[in-house]
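# Architecture and fold: a report
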Amino acid sequence: MLDQHRFYEHMIKPFLAALTIFSVSFPLSAQFSTEADRLKEHVNFLASDALLGRGFGTSQGREAAGYIADRMREAGIEPLNGSYYHPFSHRMGILNIEGVNVAGIIPGGDPELRDEYIVLGAHYDHLGWKMEEEDTVVYNGADDNASGTASIIEIGRNLAFSGEAPGRSVIIVAFDGEESGLIGSTRFVQDGVVPPHRIRLMLSLDMVGMVEANGGLDLIGVELLEDDERLTGELASDHEIRISKSNRRIGMRTDTAPFGEVGIPSVHAFTGLESPYHKPEDDADKLDYEGMAAVVEYLSDVTMHLSRVEKISDMRPTEETVEAAGGKRLIRPGIKLGLGTGQHNYQEEFFQGKSIFAGEAGFFLQIRPIPVLVIQPEVLYESRGSRHPDGRFRTHAITAPLNLQFSSPGSGMFRSYFQVGGYYTYYFGGSVGGDRIDFEDTYRDQEFGISFGLGFEIMNIQWGVCFRNGLTGILQDEDAGRIVSENIYFTLGYTF
């Protein structure tokens, strides 16, 4: 009979040791089990007609928040800071709207990393309802964004019941007020629910219910991460997920924006606009629940992996940058186009110059020292003039306005403003009546003036109207008459 002890020592024990070394050196993906039916159950409740589209500040929105908190509790997700609720107030005109984020946590197990955070977020609000021909039309928002809300609950369940704690602590948060201007996510950052400078990653799941129709999963901003090639390659392949789009850009139209604005690397998981986006037809029966389950398991694996790596990204906010930004990025560059009319005011004559087309284009910076004030310097090419008694008067110039914008605080999506400031113009060319303008002896090649206007900004697009009036005359010899320029521009700007 074979000596069992010698067999174990010489055959089995070396094999087990080799297997252990292999598994440590080449870790496999974590094994999670996500039920498509449970995702469908969440979406069916959140996107039901009974919740009337989960409008911001409505009783139906609060009912959705209660459901999410109960499901977090059942999934083993602990309350964050002793409560699942982060309430806040938001002023809209004369209304003071009460909103609430729902947040829980899976505590990290690594003593070196557990005081750092990964935030998994999804907004649970939608557009509400309207009356149409005496019928109630509900915007159920199944894909937008009951799909993301259901998914973060189940990612939390996977992490909580995996049998092994993540390295960093993972926060699961359902945001309110996204459709009204990223309000809940902005307040989460500004209120310091957890210190923003300790957040190492924000991952937003906004519209993840159409995997098959989209041909895979988009990960907007994933290339900001150190290990992005493994995440979009090996780990995605393990879960049979095709990454159809990836880049380094933080999305500004979803809850990644307020986090990115204070320097937190932020990734938007997205399956495209294949569902009836912002239409009443966005219902629960249209979603791809098997595809959602695959996304949940993949992102559970991604989160567990990133919770344990030494460094997630080179981006890292500090206490100083968060405080200075006040929840907003302090400096943002942009481009600008203005179209309008220009004329010359002959202040001491009985006639006036007739208006002609004016245009401008160039660059600007938005500098926001506090939420209600933006300092906006600009450098623009400008072409303007008027109908002169001797013919068309047309100039070409570089103009540098400097405006102060007194702004509504905004919420990451919308702000209105009134602006006032001054400008300097250097003329480098032009013609009058077909002849070249004489900037040496007759006309000044420099001008100073004042500007004022108003406008609004949605997302990173700015619309406005601007009035510019010269303070210095255009003639070198003002004894010959005082002539000043007057211009109106309708402007369109884009901030990066």
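Residues numbered from 1 in each chain as written. Predicted model: local features only at pLDDT ≥ 70, side-chain atom pairs only at ≥ 80, totals over all residues. Heavy atoms only, no water.

Looking now at the environment of Ser408. Its place among the elements puts Ser408 in the loop between strand S15 (391–407) and strand S16 (414–432). With ten residues separating them along the chain, Ser408 and Phe418 place their C-alpha atoms 9.2 Å apart. Ser408 has contacts with Pro371, Arg415 and Ser416, leaving out every residue within four places of it along the chain. (Helix = DSSP H or I, 4+ residues; strand = E, 2+ residues; numbered from the N terminus. Contact = heavy atoms within 4.5 Å.)

Quick look at the pairing of strand S20 (residues 483–495) now. Judged from the 13 bridges that link them, strand S12 (residues 331–346) and S20 form a sheet pairing that is antiparallel. Each bridged residue has a counterpart across the sheet, and for Gly338 the counterpart in S20 is Thr491. (Pairing = 2+ DSSP bridges.)

With respect to the secondary-structure elements, Ser147 resides in helix H4 (residues 142–160). Look at Ser147 and you get buried, because its relative accessible area is 0%. Here the side chain of Ser147 touches Asp143 through a polar contact of 2.7 Å, landing on its backbone oxygen. Each residue touching Ser147, except ones within four places of it in the same chain, is listed here: Val43, Ala142, Met207, Val208, Gly209, Leu287 and Met292. (Buried < 20%, exposed > 50% of the residue type's maximum accessible area, 1.4 Å probe, protein only. Polar contact = N/O pair within 3.5 Å; in protein donor to acceptor, adjacent residues only side chain to side chain.)

Approximately 760 Å³ is the volume attributed to the largest pocket. Contributing elements (two or more residues each) for the lining of the largest pocket: strand S9 (217–220), helix H8 (256–260) and strand S11 (266–270). Residue classes in the lining of the largest pocket are distributed as 15 nonpolar, seven polar and ten charged. (1 Å grid on protein atoms, 1.4 Å probe; cavity = no way out; pocket = protein on both sides within 12 Å on 5 of 7 lines; lining within 4 Å. Points joined across faces, edges and corners; volume = space filled by probe spheres on them. Nonpolar A, V, L, I, M, F, W, Y, C, P; charged D, E, K, R; others polar.)

Okay, the nonpolar core next. By size, the foremost hydrophobic cluster in this structure holds 64 residues, and its most contacted members are Val43, Ile68, Val102, Tyr298 and Leu306. In terms of residues, this core owes the most to one element, helix H9 (residues 289–308), which gives ten residues. For Val102, the contacting residues outside a window of four places in its chain are Ala65, Ile68, Ala69, Met72, Tyr84, Tyr85, Tyr124, Ile172, Val173 and Ala174. The next biggest cluster of nonpolar side chains, apart from the first, holds 17 residues, and it includes Tyr117, Val173, Phe175 and Val194. (Core = buried A, V, L, I, M, F, W, Y, C linked by side-chain atoms within 4.5 Å.)

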